[in-house]
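Summary of the model geometry
As a plain string of letters, each chain reads:
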Amino acid sequence: MRHLIDITDFSVQEIEAILDLGDKMIADPAAYGDCLKGKILATLFFEPSTRTRLSFESAMLSLGGSVLGFSSADSSSAAKGESLTDTIRTVGCYADIIAMRHPKEGAPMAGSFKSTVPIINAGDGGHNHPTQTLTDLMTIRREKGRLNNMVVGLCGDLKFGRTVHSLIGAMSRYEGIEFVLISPPELKVPAYITQNLSDRGIPFTEVETMEEAMPKLDVLYMTRVQRERFFNEADYIRLKDTYILDPEKLRTAKESLSIMHPLPRVNEISVKVDDDPRAVYFKQVRNGRFVRMALIKTLLEACNEY
Ligand code: CP
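Criteria and cut-off values
- Residues numbered from 1 in each chain as written.
- Predicted model: local features only at pLDDT ≥ 70, side-chain atom pairs only at ≥ 80, totals over all residues.
- Heavy atoms only, no water.
- Pairing = 2+ DSSP bridges.
- Helix = DSSP H or I, 4+ residues; strand = E, 2+ residues; numbered from the N terminus.
- Axes fitted to C-alpha atoms, helices over the stretch in contact; angles between N-to-C directions.
- Contact = heavy atoms within 4.5 Å.
- Domains from an automatic or database assignment.
- Buried area = accessible area lost by both parts, 1.4 Å probe.
- Near = heavy atom within 4 Å.
- Polar contact = N/O pair within 3.5 Å; in protein donor to acceptor, adjacent residues only side chain to side chain.
- Nonpolar A, V, L, I, M, F, W, Y, C, P; charged D, E, K, R; others polar.
- Expected span 1.5 Å × (residues − 1).
- Buried < 20%, exposed > 50% of the residue type's maximum accessible area, 1.4 Å probe, protein only.
- Salt bridge = Lys/Arg side-chain N within 4 Å of Asp/Glu carboxyl O.
- Parallel < 35°, antiparallel > 145°, perpendicular 65-115°, else oblique.
- Left-handed = near helix turned anticlockwise from the far one by under 90°.
- Core = buried A, V, L, I, M, F, W, Y, C linked by side-chain atoms within 4.5 Å.

Considering the sheet that holds strand β5 (residues 150-155)
Ordered in space as β7-β6-β5-β8-β9, the five strands form an open sheet in which the pairing is parallel. Looking along the sheet, the strands with just one partner apiece sit at the ends: β7 (204-207) and β9 (258-260). The mean inter-strand angle of the sheet, taken between neighbouring strand axes irrespective of direction, is 15°. Strands β5, β8 (219-222) and β9 of the sheet are contacted by helix α5 (residues 130-144), whose axis makes an angle of about 165° with β9. Across the sheet, helix α6 (residues 162-171) is in contact with β5, β6 (177-182) and β8; its angle to β5 comes to roughly 165°.

What follows is the structure, given as structure tokens:
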């Protein structure tokens, strides 16, 4: 049985196979309309979500399967003190696969140790978000036709932004990738990630302004300052509007730039950018449904191989 806890649980070849399948599903969704008939997905969301939970549910329904689950810890027996592993063992009696979001880093991995069905990490605290990364990889590949040889700028809350951590883990396995990490000093990428890049000889720079990075970027990945991870509201207020992407800031950007954001956005991308053909964040949302269809099918088929 395979789980997806960290994006590097899958080899580059396995990820490309999922992206290939996702592309086929976009091209001909009807061909997959009943391939998971009789299978059940459980979505266990101990934290709020719009895109991830609904795209998982849409994905499973689009494959002919069914869904059940909860969208907040308050509406589950976690509110009565049930342990995570007891919840996972219970839900494994009702569902064939589980997508789980939790505020505690490492919770999906802990759950996977006792699970009888595949667990998908749908976001664990400020740590990782591997299915957002599948969405991001699919979007970059569809926009650029490749996943190698490009400069990727990541901007905003790089400390708590779990999508950033997973995307760096995935993209750093491709040839010719250079990262530009754009953040205030308080929200820099955690040292364990930059140390790993240094150890592997992968080029990166850390800068504080978008303007100094903009001309060289092939991808600009904007992120929200993660209010829910701050211990101190005053720090959040001080940092929340550090970066606001608007048409003026894009003046020096490449024509071929792809502007991405995992969403939700707050203020960090002006709505004036939405009509720029380089803005692909709503394409990301759409791709997320199809790549999750491909992931669910792949993980359930892996169960049948054993
Ligand atoms: N991108 C993302 O994880 O969005 P949600 O929090 O709405 O699921």
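Section: the sheet that holds strand β4 (residues 119-124)
Pairing is parallel across the open sheet formed by four strands, whose spatial order is β2-β1-β3-β4. Both edges of this open sheet fall to β2 (66-70) and β4, since each of them pairs with a single strand only. Averaged over all pairs of adjacent strands, the angle between strand axes in this sheet comes to 15°, irrespective of strand direction. Sheet analysis places strand β3 (residues 97-102) next to β4, joined by four bridges and oriented parallel. Paired with His102 across the two strands is Asp124, which belongs to β4. Running over the sheet, helix α3 (residues 84-91) touches β1 (40-45), β2, β3 and β4 and is turned about 155° from β3.

A word on the domain arrangement of the protein
Partitioning the protein into structural domains gives domain 1 (7-128 + 287-304) and domain 2 (130-284). Centre-to-centre, using C-alpha coordinates, domain 1 lies 25 Å away from domain 2. Taken together, the contacts link 31 residues of domain 1 with 28 residues of domain 2. When domain 1 packs against domain 2, close to 2600 Å² is buried across both sides, 53% of that on carbon and sulfur atoms.

Some words on the site of the ligand
Contacts to the ligand come from Ser49, Thr50, Arg51, Thr52, Arg101, His129, Gln132, Pro262 and Leu263. One of the backbone nitrogen or oxygen atoms of Arg51 is found 3.0 Å away from an oxygen atom of the ligand. Pro262 has a polar backbone atom sitting 2.9 Å from a nitrogen atom of the ligand. Counted by class, the shell around the ligand contains two nonpolar, five polar and two charged residues. Inspection of the shell around the ligand shows a minimum of three residues originating in each of domain 1 (7-128 + 287-304) and domain 2 (130-284).

As for helix α1 (residues 12-27)
Residue pairs spaced three or four apart in an α-helix point in one direction, given the helix's 3.6 residues per turn. Given a rise of 1.5 Å per residue, 16 residues ought to cover 22 Å, and the 23 Å separating the end C-alpha atoms of α1 matches this to within 8%. Restricting attention to buried positions, one finds in α1 the residues Val12, Ile15, Ile18, Leu19, Leu21, Gly22, Met25 and Ile26. Contact partners of the buried residues in α1: α5 and α10 (281-304).

Describing the pattern of salt bridges
For the structure shown, the criterion picks out 22 salt bridges. The residue Glu143 makes a salt bridge to Lys283 at a minimum N-O spacing of 3.2 Å. On the criterion of sequence distance, the pair formed by Glu143 in helix α5 and Lys283 in helix α10 is long-range, its members being 140 residues apart. Glu143 sits in the partly exposed class, given a relative accessible area of 32%. Residue classification places Lys283 among the partly exposed positions, given a relative accessible area of 43%. Arg265 serves as the salt-bridge partner of Asp274, at 2.8 Å between the closest nitrogen and oxygen. A relative accessible area of 23% places Arg265 in the partly exposed class. Here the salt bridges share partners, and the residues they tie into one network are Glu16, Asp20, Asp23, Arg141 and Arg142.

Focus: the side chain of Glu57
If you trace the backbone, Glu57 turns up in helix α2 (residues 51-62). For Glu57, a relative accessible area of 17% corresponds to the buried category.

Description of the packing of α2 against α10
Relative orientation and spacing of two packed helices are given, respectively, by the angle between their axes and the distance between those axes. Remark: α2 packs on α10, axes separated minimally by 8 Å, with the N-to-C direction vectors making an angle of 60°. It follows that α2 is oblique to α10 by the angle criterion. For the pair α2 and α10, the sense of crossing is right-handed. Where α2 approaches α10, its residues Arg51, Thr52, Ser55, Phe56, Ser58, Ala59, Met60 and Ser62 are matched on the opposing element by Val285, Gly288, Arg289, Arg292, Met293, Ile296 and Leu300. Per-class residue counts for the contact of α2 with α10 are seven nonpolar, five polar and three charged.

Section: the environment of Arg251
One can find Arg251 in the loop between α9 (233-239) and β9. Taking relative accessible area as the criterion, Arg251 reaches 60% and is therefore assigned exposed. C-alpha separation for the pair Arg251 and Ala99, spaced 152 residues apart in sequence, amounts to 41 Å.

A short note on the nonpolar core
Counting 56 residues, the largest nonpolar core has Leu154, Ile168, Met171, Phe179 and Ile296 as the members making the most contacts within it. It is α10 that contributes the most residues to this core, eight residues altogether. Three or more residues apiece are contributed to this core by two domains, here domain 1 (7-128 + 287-304) and domain 2 (130-284). Those residues in contact with Ile168 that sit more than four places away from it in its chain are Leu154, Phe179, Leu181, Val189, Ile193 and Leu197. By size, the runner-up hydrophobic cluster in this structure holds 22 residues, among which are Leu245, Ala253, Ile259 and Tyr281.

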